[in-house]
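Observations on the model geometry
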Amino acid sequence: MSDMAGGEETAADGSAAWWGRRAWELLEMVRARAPLVQCITNFVSMDLMANALLAAGASPAMVHSLREIDEFTPRADALCVNVGTLSDGWLPSMRAAAAAAARSTRPWILDPVAVSASEFRMEACLGLVALWPTVIRGNPSEIIALSSACRVRDSKGVDSFHESLDAVESAKSLAQSSGAVVAVSGATDFITDGQKVVAAQNGVAMMQKITATGCAVTALIAAFVAVEPSNPLEATSCALSIFGLAGELGMEMANGPASLRVHMIDSLHGLHEHTVASRVKISLVS
Ligand SMILES: Nc1ncnc2c1ncn2[C@@H]1O[C@H](COP(=O)(O)OP(=O)(O)O)[C@@H](O)[C@H]1O
Ligand SMILES: Cc1ncsc1CCOP(=O)(O)O
Ligand SMILES: [Mg+2]
């Protein structure tokens, strides 16, 4: 930990100041160590995901051939698996990489994009959850569906039609059954290990109007967990807050979704200690 005024604060005590320092410390660790994050992701998100990782200081690699997994995955510092454009051809790579990451004690993160879209996707995600992801990050509708292993009626595809607060109990239950930290994104992001619940309140609504922001923040979580594998709850909370803060700063210069996408990446790259320490809004809910 960075310096603690008076030494009174020694753990995640729920104070905004503590979380601000913690978020800065983890961002600095990402910048210093440039963790290699292997991404097996959808065609829509590859560009934003790789650029968000680079802007934060991490090193992205979109490596998805089954023939490369055994060689490459153990060398990565973390793995991000995203089922956004799932196909029969890619699912074996996702399973093999998740298993290889678990075998090599590397953290791996699952983004169950549109898990309700089909039986194929639900079965695939349930199979991946059984391979011990370190973190699962989804929007509220995805976490509700995955937690109950039940497709949500009237599902809208990749976008959520629930609020994040509606998904907190589902997230806790999924965390308990899977052993993963579970994060639900939204106006407030909720992060839980099945017992504690943390809220991260940075971000702007316009982020939902840019495709693949959810995918990109999942990859950023992978980078943060790569540098702090022993505390995925804190690493995940800080990554979500840092990404939201980049959105807030980007929005100050943006005219709409397209320019926000650019300014958000610039802001993520240029974050300073004072801004992070004073503007990160994370709190312990329970
Ligand atoms: N209403 C909102 N206000 C502020 N930030 C939001 C809002 N909705 C989503 N976000 C942020 O946008 C990013 C993507 O989240 P979300 O849209 O829920 O995921 P997905 O793209 O997977 O559906 C997250 O960083 C989240 O915190
Ligand atoms: C539009 C779309 N279709 C399949 S994957 C994808 C991107 C989803 O990105 P996100 O989950 O971050 O909104
Ligand atoms: Mg998503």
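Residues numbered from 1 in each chain as written. Chains lettered and ligands numbered in written order. Predicted model: local features only at pLDDT ≥ 70, side-chain atom pairs only at ≥ 80, totals over all residues. Heavy atoms only, no water.

To continue, consider the pairing of strand β8 (residues 197–200). Residues of β8 alternate between two faces, with Val197 and Ala199 on one and Val198 and Ala200 on the opposite face, all of them buried. Where strand β7 (residues 189–192) lies against β8, 4 bridges are found, and the strand directions are antiparallel. Bridging across to β8, Thr192 finds its partner in Val197. As paired elements, β8 and strand β9 (residues 282–284) share 3 bridges and run antiparallel to each other. The partner of Ala200 across the bridge, within β9, is Ile282. (Buried < 20%, exposed > 50% of the residue type's maximum accessible area, 1.4 Å probe, protein only. Helix = DSSP H or I, 4+ residues; strand = E, 2+ residues; numbered from the N terminus. Pairing = 2+ DSSP bridges.)

Here Ser185 lies in the loop between β6 (181–184) and β7. Overall, the relative accessible area of 13% leaves Ser185 in the buried class. A C-alpha to C-alpha distance of 6.2 Å links Ser185 and Ser164, two positions 21 residues apart in sequence. Polar side-chain contacts of Ser185 include one of 2.7 Å to the side chain of Arg137. (Polar contact = N/O pair within 3.5 Å; in protein donor to acceptor, adjacent residues only side chain to side chain.)

Further remarks concern the sheet that holds strand β4 (residues 108–111). Reading across from one edge, β2-β1-β3-β4-β5-β6-β7-β8-β9 is the order of the 9 strands in this open sheet, with mixed pairing throughout. Two strands in the sheet have a free side with no partner beyond their single neighbour: β2 (59–61) and β9. Strand-to-strand twist in this sheet, taken as the mean axis angle between neighbours without regard to direction, amounts to 20 degrees. Two strands pair when backbone bridges link them, and strand β3 (residues 78–82) and β4 are joined in this way by 4 bridges, in the parallel orientation. Its bridge partner being in β4, Val81 is matched across the sheet by Leu110. Across the sheet, helix α6 (residues 140–148) touches β4, β5 (135–138) and β6, and the angle it forms with β5 is around 125 degrees. Each of β5, β6, β7, β8 and β9 is contacted by helix α9 (residues 232–251), which is oriented at about 170 degrees to β7, the strand it contacts most. (Axes fitted to C-alpha atoms, helices over the stretch in contact; angles between N-to-C directions. Contact = heavy atoms within 4.5 Å.)

Everything listed is a geometric property; what it means functionally is a separate question.
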